Structures are given as C-alpha cells and as structure tokens.
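Architecture and fold: a report
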Amino acid sequence: MNILKFGGTSVGSAERMKALVPLVTGAGKKIVVLSAMSGTTNKLVDICAALYQKQHQQATLIIDELELIYINEAHTLYALEDYKIKGMDLVKNYFNYLRSFTLDMFTANEEKAILAQGELLSSALFFFYLQETGITAELLSALNFMRIDENDEPNLSYIEKHLEAELVKYPNTNLFITQGYICRNTFGEIDNLKRGGSDYTASIIGAAINANEVQIWTDIDGMHNNDPRIVAKTHAIHALSFDEAAELAYFGAKILHPTCILPAQKRNIPVLLKNTMQPNAKGTLISNVTSGEGIKAVAAKDGICAINIKSDRMLLAHGFLRAVFEIFERYKTSIDMITTSEIAVSLTIDNPKFLKEITKELGEFANVAVEEDQTIICIVGNIPKDKAGYGFKVLEAFKDIPLRMVSYGGSANNISVLINSKHKKEALVALNERLFGY
Ligand code: ADP
Ligand code: ASP
Ligand code: MG
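This write-up is about the structure you can find in this document. The structure displayed is predicted, hence computed values, not measured ones.

What follows deals with the site of ligand 1. The environment of ligand 1 is made up of 16 residues, and the closest members are Lys5, Thr218, Asp219, His224 and Lys254. With respect to ligand 1, the backbone of Gly8 contributes an N or O atom lying 3.1 Å from an oxygen atom. In this structure, Lys254 approaches ligand 1 through a side-chain N or O atom, which is 2.8 Å from an oxygen atom. Out of a free accessible area of 570 Å², ligand 1 has 87% covered by protein chains. Across the shell around ligand 1, the residue classes break down as five nonpolar, six polar and five charged.

What follows is the structure, encoded as structure tokens:
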C-alpha cells in the first residue's frame, strides 16, 4: 500500500482535481490524503477570528465569498446533471453549517470544527468526481481513526487499530480517499494536526499501516536547497536522509510539516516529494540512506524567542542547567537552540505561550533577558566531524550580519545560527551565494 498526499494547490480547483485521476489510479492499493483547496483554511481562520470578535456580518461575508468559489468549482468539476446537483447540495450543506455559527455561540471547540470543514469538503468533492468518472473508491473519515493524545502527539496504537477496522470493511477496494490535517483529540472532540498538517497525516497513516512509501505531492519538484519564496535561484535535491529532511522541515522548509518525517522514519518508510504539475520530475527521495558529503540545503524558522539566563552561581554550580530545564519541562515548552558560557546560558523557544511564567520562575535564581523577533537559520547536510572548512564557509556568509547564537556539533547534519529576523533575507541570499554559488 502507498500513501499519496495532495496539498492545497494540487486540489485547488476543479481542473487540478481532474488532473489527479491518472496519479491516483493504476496498479496497487493506495490511501489518498487530501488537503483543503488552497486558501480555504486561511479563510476558515478568518471566519473564526471574526466570530471571536462577534463580527457576525464580517464572518457571513467571508462565508458567502468562499461559498461562491466552491459553487463555481463544483459546477466545473462535474459533467453530469446528477453530479452537479449532488456537488451543489454538498457545498450548500457545508456552508449552511458554517453560517449556523454566525447565529449561535462560538467557542474554541467550534473553532476546531470550523477549521476541519476544508478537508471534509475537498475530499467529498473529489470522491464524487471519482464516482462520476466510474472509478471505484471509498471515502474514509479521518475523524474515525486519527487521534492525538493529551500531549497532542499522534496516538499510533489507536490509529493503527481504528484505521485497520475501516480498511477491512472494504477488502476489494484499492483506492481510499481521506482527509489530511483533521483528527480527534483525547476527549473525542474534533481537532487538528496544526497548519500544514496534511503531510503529518500522510506520514502517520504510512507508519500505522506500514506502507511501502509515503508520497507528498505538492506544487514544487521536491525539497530545494533554499527557500524559493525568498531567494531567486534554487535547485531540487534528489536525495535526503530522514535526519536531514527532519531538520529542514523542523527549521522552516515549508514544503514539509515540521514533524512529519518522524512517523515514517520510525518505521523506515521512504518519503517521496513530487510535483503534481510536473509528475515526471524526479522529486526528492527521503530515506535512511545518507548520500554525499557536504551542505545540501538551508532553511529559516521565524517567530523565535531567545532567552538569556545569567547567574553568578552558575560558575561551577552543577544542577544549574537541570533547574533551568525543569522549568521548561514543566511548561511543556521545547528548546530549539542552546549555547552556554561560564556564567550564562542562552536558549531559544518557538512557542511563547508560557513565556511570562517561565521567565518569572527563572527570575527567582537568575537574571533573565528576552529577545523576540529572532530567526534560526539552519544549514543542513552531511557534515563530517573530522572535516575542516564547513564552519568557516557558513560563518563567512554572515560576515555583515550580527550573530546572536551559533550551534555547531550537536549533530553531523546541522549548523544553526540565530539572527534578528530583519536580517533573514540577507542571510539566505548570502548563504545561497557562498554555499551554492548562486
Ligand atoms: P502544499 O499545499 O502542497 O502542502 P506548501 O505550500 O505547504 O504546499 O509547500 C510547498 C511550498 O513550500 C512551495 O511552493 C515553496 O514555495 C515552499 N518552500 C519553502 N521552502 C522550500 C524548500 N526548501 N523546498 C521546496 N519548497 C519550499
Ligand atoms: N489545510 C491545512 C492548512 O492549510 C492543512 C494542510 O494543507 O496541510 O494548514
Ligand atoms: Mg503544506
């Protein structure tokens, strides 16, 4: 069985949905994971924001505009009158459901339910299209098997059991369609795997059923050496190890959800990144093979907060770092980068939810300074510990940019540099020139 995930642009219009048919049909069993049509989740976020602020008119306006887009796409998608009516009814039902929140109470639970509608709608529209085309397939609701636990981590044993229970109902079916991103939480309420989470769904399903391969189909021909939205020239990388891809995803390469490599890596399932617009392009194969020495790519992660913790008592004091880390552990806040000196430690977090509480507790035994608007630039590849020159080459690119932190040697795959976000573009351009000759 293969898992094929199609992102927002790949299902972004009736034309794009039609173009998926040759990719999802053909030999072998497949589970197809679909995102919402591009732009939809952003609009759903806007609807929720308006509802939170009790701007019901504004919410209704966005709902009406979005509905119009779907009505047009559904009209283009289906050829037969029956299916045009079926598609239209589907769209109307979903949008009437959204409208019901403009009259009623609105809470965090309802927000999650609203955010789930994009994937539910795209998968149902595509499933009807397959039916109209005469292709045998089953539509599985991810809400019946995708679960996260109390730590927001996928509950793999639950998912394995319940996905298997869905699949055995259709022993003769080769093609299953389901939704990315959406799930239920430990209380059984509708929840999600965070923005960009459809990649994560595909990898989790791949791990749950021990798939042969997880394919992530998107709008670019694989992982590139740098962020193509920011620098002018980039190239696709044809092979990456799980560790290299995981670093890039976690540190900002938007093509992959930050943690989506981990489930596939755990079960050693290759992940192939492919371009829906150019299906013949090679793409990127992510596997347990580390190929080629050298720096392969750079990525940038914004929204980082640096915390400097300084204490005279750190000098020769064992237990200081433990006391620091325990505070972060208690607030379930993970640390990305860390550097130390004799009397101080600097570390970074990307989730400021408990920043106030954390700095208050740290302040009981140290001087604490916080800097926001920081960016981690992550340089990834196969960087042997006994080879000279890599650190020099990287830091040379930053010669005109103030460095806040540098982390080298934590693994053979990563050099990380923390800078103020205002220097991000300059840094990525300089690295593109220095490391990749562009
Ligand atoms: P999807 O909707 O298919 O999930 P995304 O928009 O989430 O697609 O991810 C694909 C986009 O990621 C590309 O269009 C590209 O602009 C962006 N991107 C950022 N960094 C990289 C990178 N290093 N390699 C490839 N794409 C990248
Ligand atoms: N639709 C969701 C989002 O826009 C999930 C995804 O596309 O992966 O974040
Ligand atoms: Mg994505």
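Once you've had a look at it, read on.
Below, the discussion takes up the sheet that holds strand E9 (residues 271-275). As summarised here, the arrangement of the eight strands in space is E3-E4-E2-E1-E7-E9-E10-E8, forming an open sheet in which the pairing is mixed. Each of the sheet's edge strands pairs with one partner strand only, and the pair in question is strand E3 (138-139) and strand E8 (239-241). Direction of pairing for strand E7 (residues 213-218) relative to E9: parallel, over a ladder of five bridges. Across the sheet, residue Gln215 finds its bridge partner in E9, namely Leu272. Its contacts with the sheet place helix H10 (residues 242-250) against E8, E9 and strand E10 (284-287), and it is angled at close to 90 degrees to E8.

The next subject is the layout of surface pockets. Of the volumes computed, that of the second largest pocket is approximately 180 Å³. Surrounding the second largest pocket, 14 residues form its lining, Ser407, Gly410, Ser411, Asn414 and Ser416 being those nearest its centre. Elements supplying a minimum of two residues to the lining of the second largest pocket: strand E12 (335-340), strand E15 (405-411) and strand E16 (414-420). A total of six residues in the lining of the second largest pocket trace back to one element, the largest contributor, which is E15. Of the residues belonging to the lining of the second largest pocket, the class tally is five nonpolar, seven polar and two charged.

Looking now at the packing of helix H4 (residues 56-77) against helix H5 (residues 81-100). At their nearest, the axes of H4 and H5 sit 9 Å apart, and the two run at 165 degrees to each other. By the angle class used here, H4 and H5 are roughly antiparallel. Two packed elements cross with a definite hand, and for H4 against H5 that hand is right-handed. Where H4 approaches H5, its residues Ile63, Asp64, Leu66, Glu67, Tyr70, Ile71, Ala74 and His75 are matched on the opposing element by Lys84, Gly87, Met88, Val91, Lys92, Phe95, Leu98 and Arg99.

Moving on: the packing of aromatic side chains. Two aromatic rings, taken as a pair, are described by how far apart their centres are and by the angle between their planes. Following the criterion strictly, the structure yields ten aromatic pairs and no others. Ring geometry for Tyr97 versus Phe101: centroids 5.1 Å apart, planes at 80 degrees, classification edge-to-face. Assessed through its relative accessible area of 33%, Tyr97 is described here as partly exposed. When the centroid spacing of 6.5 Å and the interplanar angle of 40 degrees are considered together, the rings of Phe127 and Phe128 count as tilted. Owing to a relative accessible area of 11%, Phe127 belongs among the buried residues under this scheme. Among the residues examined, Phe128 registers a relative accessible area of 15% and is labelled buried. Above the face of the Phe128 ring, Lys86 is positioned so that its terminal group lies 4.6 Å from the ring centre. The positively charged end of Lys301 is found above the aromatic ring belonging to Tyr250, 3.6 Å away from the centroid.

This part takes up the sheet that holds E12. Strands sit in the order E12-E13-E11-E14-E16-E15 across an open sheet of six strands; the sheet is antiparallel. The sheet terminates laterally at E12 and E15, the two strands that pair on one side only. The mean inter-strand angle of the sheet, taken between neighbouring strand axes irrespective of direction, is 30 degrees. In the sheet, E12 pairs with strand E13 (residues 344-349) via four bridges, with the strands oriented antiparallel. When the bridges of E13 are listed, Ile338 appears paired with Leu347. Of the strands in this sheet, strand E11 (294-310), strand E14 (367-382) and E16 are in contact with helix H15 (residues 424-436), which crosses E11 at around 145 degrees.

About the thresholds
- Residues numbered from 1 in each chain as written.
- Chains lettered and ligands numbered in written order.
- Predicted model: local features only at pLDDT ≥ 70, side-chain atom pairs only at ≥ 80, totals over all residues.
- Heavy atoms only, no water.
- Near = heavy atom within 4 Å.
- Polar contact = N/O pair within 3.5 Å; in protein donor to acceptor, adjacent residues only side chain to side chain.
- Areas by Shrake-Rupley, 256 points an atom, 1.4 Å probe, with all protein chains shown as cover.
- Nonpolar A, V, L, I, M, F, W, Y, C, P; charged D, E, K, R; others polar.
- Pairing = 2+ DSSP bridges.
- Helix = DSSP H or I, 4+ residues; strand = E, 2+ residues; numbered from the N terminus.
- Contact = heavy atoms within 4.5 Å.
- Axes fitted to C-alpha atoms, helices over the stretch in contact; angles between N-to-C directions.
- 1 Å grid on protein atoms, 1.4 Å probe; cavity = no way out; pocket = protein on both sides within 12 Å on 5 of 7 lines; lining within 4 Å.
- Points joined across faces, edges and corners; volume = space filled by probe spheres on them.
- Parallel < 35°, antiparallel > 145°, perpendicular 65-115°, else oblique.
- Left-handed = near helix turned anticlockwise from the far one by under 90°.
- Phe/Tyr/Trp six-rings, centres within 6.5 Å; stacked < 30°, edge-to-face > 60°.
- Buried < 20%, exposed > 50% of the residue type's maximum accessible area, 1.4 Å probe, protein only.
- Lys NZ or Arg CZ within 6 Å of the ring centre and 35° of its normal.

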